[in-house]
Every structure is written in C-alpha cells, then in structure tokens.
Amino acid sequence: MSRASHSSNEPGAAASASDDAALVAAVLQRDRKATAEFLSLHADSIYSYVRSRLIPRADLVDDVFQEVFLAAWQGLAGFRGASSLRSWLLGIARHKVEDYYRLKLREALPIETEEGDPLPLILEPELDQAVDLWRLTQKVQQILGTLPEAYSLALLWRYWENCSAAEMAAKTGRSEKAVERMLARAREQFKSRWKGE
Amino acid sequence: MTDDSFFEELSSATEAELGKMARTPSRLKAKVFSALLAQQAESGPLLSVSGCEASGRPLCVFEKAVEILPVGERIKSLNFCRVCHARVAAEKMERAPIFWPHCPYSEFQNR
C-alpha cells in the first residue's frame, strides 16, 4: 500500500465532501471557472507527489501531471465522493506513476530468470549518522538521480510506494526472482554511492 | 540492519521531505488548464459565461464584455480563452505580466 497521502496545508486542503461534490458538479457542467478552481486547488499536491516519485526523470513530471488532470476529467463523472477529491486525484497520479514504473521495469527486467548471480550480502549503511532530514533527503535524491533509471524506479516503487517484489513481478509480467535480483543490484549501487565509493 | 530495513527506514525518514509541497509552475498550470478546456469543448459546449457568473464565479473583463453582448448562448459558450493573449503569455512565461482580475491565467501565476 502506498504511503502517498500528501496531505497539505494549501488552500482547500480541508475542503469538505460537499465542497468537493459541488465543485465536481460544476466542472462536469463544463464551467470554465470551476475547472480553473479545480486545477488551482489540487495542482500542488499532485505536482509534489509526481515530482517525488519521478526523481530520475524530472523531465517527465510535466507530462505525467497533465495526464493526471486529463484522466481526471475523463473519469470525473465516476467520482462518487467515497474519498476526498484530493485522494481520488492522488489515486490517479499513483496509477500514472505506476504505469511508468511498469513500462520501464518491464523493459529492463529479463523475461527468464538467470541462474547464478547470487544476491549480494547485506551491508550496513550508517543511516543513524545522517545529519539532518533535509541533507538526508538531498542525498537520497542525488543518488536516485544518478543511478540507472530502472534501478531508481525499482527502489522508489519498492520502498517509497511500498510495493512488494511479488506485486512488482505481477505488474511487470516478470518473475519475482528477476525483480529481486534487480532490487539487489539497485540496492547495491545505491549503497555504494551512499558510502561515497 | 538488513538491506530491506535500511531502505524502509530511509524511505520513511525522507518521505515527508521528499513529498514536501512544491508549487506547480505557473506555465504548467496554464498549459493544463488550456488542455482541459480544449477537451471539455471537444465533448460539448462549455457552460456559457452567463452560466458561470450565475454560479457565483466572477468573470474576467473579456468574458464580461461577451456576457453583455446581444448574442445567443451558443456564442457565449465558446472557449474565448483559446484566443486570449493572457493564455499565450501564461503558457510561455513563468511570471507572465497579466493582471486581469478573475482571469484564470492571471490567478495561476506564482507571484
């Protein structure tokens, strides 16, 4: 389960269900002003989420962001208000990001599982010594930005989106073993850069 | 610490900072708004400017001018933003010099 809640303190974060319903009804009437309000209210949370999940491909953030809102318009009639409009939009964003992960990992993962190439031994990066949260995050972003794209996406999918290797395998149509191997290589490269090797 | 627990701890520690609210570039909001209006207009007429005003959302000066014209609802439902210089400026510039009250493109500006 993803932890992409991304609650915010931007205007409209506390919009009630009735506000959401009224706004959705107005957008469905093709009210241009309501459409602008819909975009303004939710742009930042969707943008922040997409940006955080596509660290190695910052150039794709704009396209995915646009896809989220166009898909939202196409599916808006199906919005039932079971969750907030923001959560609903984040769900769409999550799917769009996952579509990209799936596509890239499917390309990068072998169809058949290779034998040999044992999983690397566990090392102990020194997370406890990380100075402060901001610098820690900068370091993570920097490393994810320089790893081969498939490795960064695999790590983001597995650990930041909390998707298990089995789920990743099912979604990419590859074996769990192949996913595990890729994750092991990704972790290995990440750790070696973490330690400044 | 296992590999998994290291990465789980790392993701948990950095999640808030990584997903910290970032401001969407004004240009991007402008482009997406234009794309949304284009899609809406493809599948049917937009709500007329009179209808928008009646719903309580104020019109920009150009929409107001259209609203008072003695023309039918069909004309008042056209996507006027498509031919407005504010759209062009907002899609091209991050800090577009547009200041019309109630113009969405002006309101998208991160000033």
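Keep in mind that this is a model prediction, so the values were computed, not measured.

Peer 1: It is not clear to me how the overall build of chain A should be interpreted in this structure. Could you clarify?
Peer 2: If you tally the helices and strands in chain A, you get eight helices and zero strands. Along chain A, helices (α) and strands (β) appear in the sequence α-α-α-α-α-α-α-α when read from the amino end. Out of the 197 residues in chain A, the part that is buried amounts to 40%.

Peer 1: Help me out: how do you make sense of the packing of helix α6 (residues 149-160) of chain A against helix α8 (residues 176-194) of chain A in this one?
Peer 2: Each pair of packed helices can be described by the angle between their axes along with the distance between the axes. Residues and elements named next belong to chain A. Two numbers describe how α6 lies on α8: the axes approach to 9 Å, and their chain directions differ by 105°. Regarding the angle of α6 to α8, the classification is roughly perpendicular. Along the contact surface, α6 presents Ala150, Tyr151, Ala154, Leu155 and Arg158, while α8 presents Met182, Leu183, Arg185, Ala186, Gln189 and Phe190. Here the contact of α6 with α8 is built from residues that sort into eight nonpolar, one polar and two charged.

Peer 1: What should I look at first to understand the confidence of the model for chain B in this one?
Peer 2: As a note on interpretation, predicted positions should not be read in detail where pLDDT is low. Counting all residues, the mean pLDDT for chain B is 93, and 99% of those residues have values of 70 or more. By mean pLDDT, helix α1 (residues 3-18) of chain B is the weakest element of chain B at 89, and helix α2 (residues 26-42) of chain B is the strongest at 97.

Peer 1: Looking at this model, I keep getting lost on the nonpolar core. Mind explaining?
Peer 2: As a rule of thumb, nonpolar side chains are buried together in soluble globular proteins. Residues and elements named next belong to chain A. Counting residues in hydrophobic clusters, the biggest one holds 68 residues, and the most contacted among them are Ile46, Val50, Ala154 and Leu155. A per-element tally of this core places helix α2 (residues 32-53) first, with 10 residues. Structurally, this core is a two-domain feature, drawing no fewer than three residues from each of domain 1 (17-107) and domain 2 (120-194). Non-local contacts of Val50, meaning those with residues more than four positions away in its chain, are made with Val61, Val64, Phe65, Ala93 and Val97.

Peer 1: Would you mind going over the packing of helix α3 (residues 61-75) of chain A against helix α4 (residues 85-108) of chain A with me for this structure?
Peer 2: Residues and elements named next belong to chain A. Packing of α3 against α4 brings their axes to within 9 Å, and their N-to-C directions diverge by 130°. As the angle between them shows, α3 and α4 are arranged oblique. Judged by the sense of rotation from one axis to the other, the crossing of α3 with α4 is right-handed. Residues Val64, Glu67, Val68, Ala71 and Ala72 of α3 lie in contact with α4, whose contacting residues are Leu89, Ile92, Ala93, Lys96, Val97 and Tyr100.

Peer 1: I tried to follow the domain arrangement of chain A on my own but got confused; where do I start?
Peer 2: Much of the literature gives interface size as the accessible area that the parts lose upon coming together. All names here are of chain A. On domain assignment, one finds that chain A holds domain 1 (17-107) and domain 2 (120-194). Taking only C-alpha atoms into account, the centre of domain 1 sits 26 Å from that of domain 2. The interface of domain 1 with domain 2 comprises nine residues on the first partner and 17 residues on the second. Take the side of domain 1 that touches domain 2: its biggest share by element is five residues, from α4.

Peer 1: How should I be thinking about the interface of chain A and chain B in this particular structure?
Peer 2: In this assembly, 42 residues from chain A lie in contact with 41 residues from chain B. Of all the secondary-structure elements, those providing two or more residues to the side of chain A that touches chain B are α2, α3, α5 (133-146) and α6 of chain A. Looking at the side of chain A that touches chain B element by element, the count peaks at 15 residues for α2(A). Looking at the side of chain A that touches chain B residue by residue, the class counts come to 21 nonpolar, 10 polar and 11 charged.

Here is what the cut-offs are and how they apply
Residues numbered from 1 in each chain as written. Chains lettered and ligands numbered in written order. Predicted model: local features only at pLDDT ≥ 70, side-chain atom pairs only at ≥ 80, totals over all residues. Helix = DSSP H or I, 4+ residues; strand = E, 2+ residues; numbered from the N terminus. Buried ≥ 20, exposed ≤ 12 C-beta atoms within 10 Å, placed from the backbone. Axes fitted to C-alpha atoms, helices over the stretch in contact; angles between N-to-C directions. Parallel < 35°, antiparallel > 145°, perpendicular 65-115°, else oblique. Contact = placed C-beta atoms within 7 Å. Nonpolar A, V, L, I, M, F, W, Y, C, P; charged D, E, K, R; others polar. pLDDT = per-residue confidence, 0-100. Core = buried A, V, L, I, M, F, W, Y, C linked by C-beta atoms within 7 Å. Domains from an automatic or database assignment. Left-handed = near helix turned anticlockwise from the far one by under 90°.

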